[in-house]
Amino acid sequence: MTAFPIVVTGDGVTRQVLADHADLMVVAFRFEAVGAIGALHDHPHVQSTYVECGRFRFTIGDEVREVGPGDSFIIPTKVTHGCVCLEPGTLIDCFTPRRDDFL
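Residues numbered from 1 in each chain as written. Predicted model: local features only at pLDDT ≥ 70, side-chain atom pairs only at ≥ 80, totals over all residues. Heavy atoms only, no water.

A. Representation of the overall build of the protein chain within the structure. Scanning the protein chain for helices and strands turns up zero helices and eight strands. Along the protein chain, helices (α) and strands (β) appear in the sequence β-β-β-β-β-β-β-β when read from the amino end. With respect to the three principal axes, the spread of C-alpha positions in the protein chain is 35 × 25 × 25 Å. Burial status across the protein chain gives 37% buried among its 103 residues. Restricting to contacts in the protein chain with at least 6 residues of sequence separation, those with at least 24 account for 62%. Of the roughly 5700 Å² that the protein chain leaves accessible, carbon and sulfur atoms contribute 56%. (Helix = DSSP H or I, 4+ residues; strand = E, 2+ residues; numbered from the N terminus. Buried < 20%, exposed > 50% of the residue type's maximum accessible area, 1.4 Å probe, protein only. Contact = heavy atoms within 4.5 Å. Areas by Shrake-Rupley, 256 points an atom, 1.4 Å probe, with all protein chains shown as cover.)

B. Representation of the packing of aromatic side chains within the structure. Within this structure, the stated rule accounts for four aromatic pairs. Aromatic side chains Phe-31 and Phe-56 sit 5.1 Å apart centroid to centroid with 70 degrees between the ring planes, which places their arrangement in the edge-to-face category. Here Phe-31, found in strand 3 (residues 24-31), pairs with Phe-56, found in strand 5 (residues 46-60); they are 25 residues apart in sequence, far enough to count as distant. Each member of the pair, Phe-31 together with Phe-56, is buried. Each ring, one from Phe-95 and one from Phe-102, has its centre 5.8 Å from the other, and the planes form 90 degrees; the classification is edge-to-face. Phe-95 gets classed as buried once you look at its relative accessible area, which sits at 1%. Take Phe-102: its relative accessible area is 13%, and that puts it in the buried class. Here the aromatic cluster, defined as three or more aromatic residues joined through ring pairs, consists of Phe-29, Phe-95 and Phe-102. Here Arg-15 stacks its cationic end above the ring of Phe-102, 4.0 Å away from the centre of that ring. Seen from the ring of Phe-73, Arg-65 lies directly overhead, with NZ or CZ sitting 5.3 Å from the centre. (Phe/Tyr/Trp six-rings, centres within 6.5 Å; stacked < 30°, edge-to-face > 60°. Lys NZ or Arg CZ within 6 Å of the ring centre and 35° of its normal.)

C. Fine view of the environment of Pro-97. Along the chain, Pro-97 falls in the segment after strand 8 (81-96). When the C-alpha positions of Pro-97 and His-45 are compared, they lie 6.0 Å apart, and in sequence the two are 52 residues distant.

The following block contains the structure:
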């Protein structure tokens, strides 16, 4: 089992790959401060997100929603999305296929 490094992705935000396979990747995003941002972006991967802890305001396409512990949702391929941290916490994202750019 390989230990993956923790990568800083923004002010108060880190990313760590937890598991990967060519068809699937599991990644933890940790937000340490209120107001930390997961910048708007899109990618060709289907993404599922599970809120382990904390609160976030997500923009997914034209929709804005607040999510908290235990919430989960799917982000389709090539849909612009991002979030703002409302309460420090952790998001567990799964991507299919894996995000080779994270390796």
